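# A look at the structure
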Amino acid sequence: MALMQAIKMSLKSIIDNKLRSFLTMLGIVIGVMSVIGLVSLGQGATEGVTSQIKSMGSNLIMVSIMGRGMDTSLSYNQAMSIGDSPYIKEISPIMSANVYAKYGDQSYEENINGVNENYMSLRNLKLKEGRFILSIDNDMRQKVAVIGSNVASDLFGFTDPLGKTIKLDGNNFTVVGVLASGGSSISNSYDDSIFIPIKTMFVFQRNRGITQIYLSATEEQYVNIAQYHVENMLNTIFKGDTNAYRILNQSDLLSTVNSVSNTLSMMLGGIAGIALIVGGIGIMNIMLVSVTERTREIGIRKALGAKKKDILLQFMIESLTISGVGGIVGVIFGFIASYLMGHFMNMTVSPSINTIIISFSFSLLIGLFFGMYPANKAAGLKPIEALRYE
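Residues numbered from 1 in each chain as written. Predicted model: local features only at pLDDT ≥ 70, side-chain atom pairs only at ≥ 80, totals over all residues. Heavy atoms only, no water.

### Here's the deal with the overall build of the chain
- Counting its secondary structure elements, the chain contains 13 helices and 10 strands.
- Relative to a compact globule of 390 residues, whose C-alpha radius of gyration would be 21 Å, the chain shows 33 Å and is clearly more extended.
- Its C-alpha atoms give the chain principal-axis dimensions of roughly 105 × 50 × 35 Å.
- Out of the 390 residues belonging to the chain, those deemed buried represent 44%.
- A fraction of 79% describes how many contacts in the chain between residues 6 or more apart in sequence connect residues 24 or more apart. (Helix = DSSP H or I, 4+ residues; strand = E, 2+ residues; numbered from the N terminus. Rg over C-alpha atoms; globule rule 2.2 N^0.38 Å. Buried < 20%, exposed > 50% of the residue type's maximum accessible area, 1.4 Å probe, protein only. Contact = heavy atoms within 4.5 Å.)

See below:
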């Protein structure tokens, strides 16, 4: 039997049972759509986090001070001495705490950070109005504050905050700057933060230790050398206690994010792949029903000279057609689902070519694998027994 004839007969069988074919195809459609949608969502989230990390600067080094006792705390001068290297461009120690900020009748709990004049460039902050912390503010321990956009909105509403006096845990601070809104991101999640000079913070927080240090290497190629210098300095300060601190650079963050995202994408793809397997089981069940219903037809065709491979080919084409069309429809709906998820979750979600090819190929393999048994069963029927079937 010619290939075209087998295709025609397979298509006729599918068309003659439209509802059954549609329901069988639905499992494949849902499976492919789920794989494309979920994997694309994972990849979109990864790309978003990766771009945020890269926006922090390729030569950024971050130090977290883990201890809380006297032996695992840093003074401002100790922290600044870490930056004494030709490979380090800028350094800003940080002290953080939560305070109650008050202006007039408005009072909110906010995050406060003690920083120096380098922090703005290190963290790529943008000002909406006013200025940031200056070196003279630190030297003179000035009670000045730079506030995030949400803090300005909470405390002042539509009033211009510049020059106004706010109370931070009962202490008066003058607002000298307002940060531009950065939204919620790794590099710019400062809308709910307040910044004051770090030396003022030491007095304000009764000499509590520094919790973080941000540094930048002079060039990207010197990041590892700068990090090695920082590690040696901290080992000296903490007398070899490596548990007292943790050092990260952009490469470390990207490596961690990629590792987590790859695991997440595989997990999401695996979960969605289960739907494809369920769809394949549906194909096998319907094909077995079809073989049973068409037993006499198979017997007649065999009696007229159709060979085993002809029957096998027809049923395999039916199975592949159902899974292939389901795969194509699933790809289309996968694109739509990805767009909708990206729109409502406010992220860029774009299905990759690899994801589409793998999903569609897997749907064909599902059709081939689960169609094999029913096709073999049909091809193995004996003509006499098939003709006797009622």
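### Here's the deal with the packing of helix α9 (residues 250–293) against helix α11 (residues 308–344)
- At their nearest, the axes of α9 and α11 sit 11 Å apart, and the two run at 145° to each other. Crossing handedness for the pair α9 and α11: right-handed. Across the interface between the two elements, I283, M287, S290 and V291 from α9 touch F315, E318, S319, I322 and S323 from α11.
- A per-class count over the contact of α9 with α11 returns five nonpolar, three polar and one charged. (Axes fitted to C-alpha atoms, helices over the stretch in contact; angles between N-to-C directions. Left-handed = near helix turned anticlockwise from the far one by under 90°. Nonpolar A, V, L, I, M, F, W, Y, C, P; charged D, E, K, R; others polar.)

### Considerations on unusual backbone geometry
- Not every positive phi belongs to a glycine, and N124 is a case in point at roughly 55°.
- With respect to the helices and strands, the residue N124 is situated in the loop between α4 (119–122) and β4 (127–130).
- One non-glycine residue, D169, lies in positive phi territory at about 50°.
- Examined against the element boundaries, D169 turns out to sit in the loop between β6 (165–168) and β7 (171–179).

### Focus on the packing of α9 against helix α12 (residues 353–379)
- Where α9 meets α12, the axes come as close as 9 Å, and the angle between the chain directions of the two elements is 30°. The pairing of α9 with α12 is recorded here as roughly parallel in orientation. Between α9 and α12 the crossing geometry is right-handed. Counting all contacts with α9, which are made through G273, L276, I277, G280, I281, I283, M284, M287, L288 and V291, the residues of α12 involved are S359, F362, S363, I366, G367, F370, Y373, P374, K377 and A378.
- Its residues assigned to classes, the contact of α9 with α12 shows 14 nonpolar, five polar and one charged. (Parallel < 35°, antiparallel > 145°, perpendicular 65-115°, else oblique.)

So far we have only geometry, and geometry alone does not tell us how the molecule works.
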